[in-house]
Amino acid sequence: VGSEMCIRDSVKPELPEVPQTATVAPNMRVRFLIDKKGNVKNVFVERSSGYAPVDEAVKKAILQWKFTPAIGVDQKAHESIIGMTITLPKQAVTAK
């Protein structure tokens, strides 16, 4: 049986101010690839926050995350694809 990967280091996004005219959902859904070294590659937004600058800030933060790589039954590190729902802080979804 292989081992599961764990997050080693996460970075919170630096969220932009949201103008009053923008609508931001409280959650967004992302999918990303973790390479054999535990680095995040290719972050895709599956369900947007509704405000592109927030989506980009979240993607930028996720690209800095580090994971312990997934170890397969062959005892070797493998790439993995992760899907995750991100809950945004209330101040990010409230217009300024």
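Just so we're clear, the structure is a prediction, and the values are computed from it rather than from any experiment.

(A) Spatial organisation of the sheet that holds strand S2 (residues 27–34). The strand order S3-S2-S7 describes an open sheet built from 3 strands, whose pairing is antiparallel. Unpaired on one side and paired on the other, strand S3 (40–47) and strand S7 (80–87) mark the two borders of the sheet. Strand after strand, the sheet turns through a mean of 25 degrees between neighbouring axes, direction not considered. Of the pairings in the sheet, the one linking S2 to S3 comprises 5 bridges and is antiparallel in character. Bridged to Arg 29 within S3 is Arg 47. Contacting S2, S3 and S7, helix H1 (residues 52–62) crosses the sheet at an angle of about 150 degrees to S3.

(B) Seen up close, the nonpolar core. Within the largest apolar cluster, 20 residues are counted, with the highest numbers of intra-cluster contacts made by Phe 32, Ile 62 and Ile 86. Listed by contribution, the elements that provide at least two residues to this core are S2, S3, H1 and S7. When residues no more than four places from it in sequence are discounted, the contact partners of Phe 32 are Val 40, Lys 41, Asn 42, Val 43, Ile 62, Trp 65, Phe 67, Ser 80, Ile 81, Ile 82 and Met 84.

(C) Here's a closer look at the environment of Val 18. Along the chain, Val 18 falls in the loop between strand S1 (7–9) and S2. A relative accessible area of 3% places Val 18 in the buried class. Along the backbone, Val 18 and Lys 59 are 41 residues apart, and their C-alpha atoms lie at a distance of 17 Å.

(D) Just the pattern of salt bridges, in detail. Per the counting criterion, the structure on display carries 3 salt bridges. The residue Glu 56 makes a salt bridge to Lys 59 at a minimum N-O spacing of 3.6 Å. A residue pair is termed a helical-turn pair when its members lie 3 or 4 positions apart in one helix, as Glu 56 and Lys 59 do in helix H1 at 3 residues. Classification of Lys 59 as partly exposed rests on a relative accessible area of 22%. By sharing partners, the salt bridges in this structure join Arg 29, Arg 31 and Glu 46 into a single network.

Cut-offs and rules
- Residues numbered from 1 in each chain as written.
- Predicted model: local features only at pLDDT ≥ 70, side-chain atom pairs only at ≥ 80, totals over all residues.
- Heavy atoms only, no water.
- Pairing = 2+ DSSP bridges.
- Helix = DSSP H or I, 4+ residues; strand = E, 2+ residues; numbered from the N terminus.
- Axes fitted to C-alpha atoms, helices over the stretch in contact; angles between N-to-C directions.
- Contact = heavy atoms within 4.5 Å.
- Core = buried A, V, L, I, M, F, W, Y, C linked by side-chain atoms within 4.5 Å.
- Buried < 20%, exposed > 50% of the residue type's maximum accessible area, 1.4 Å probe, protein only.
- Salt bridge = Lys/Arg side-chain N within 4 Å of Asp/Glu carboxyl O.

Functional significance is not addressed by these values, which are geometric in nature.
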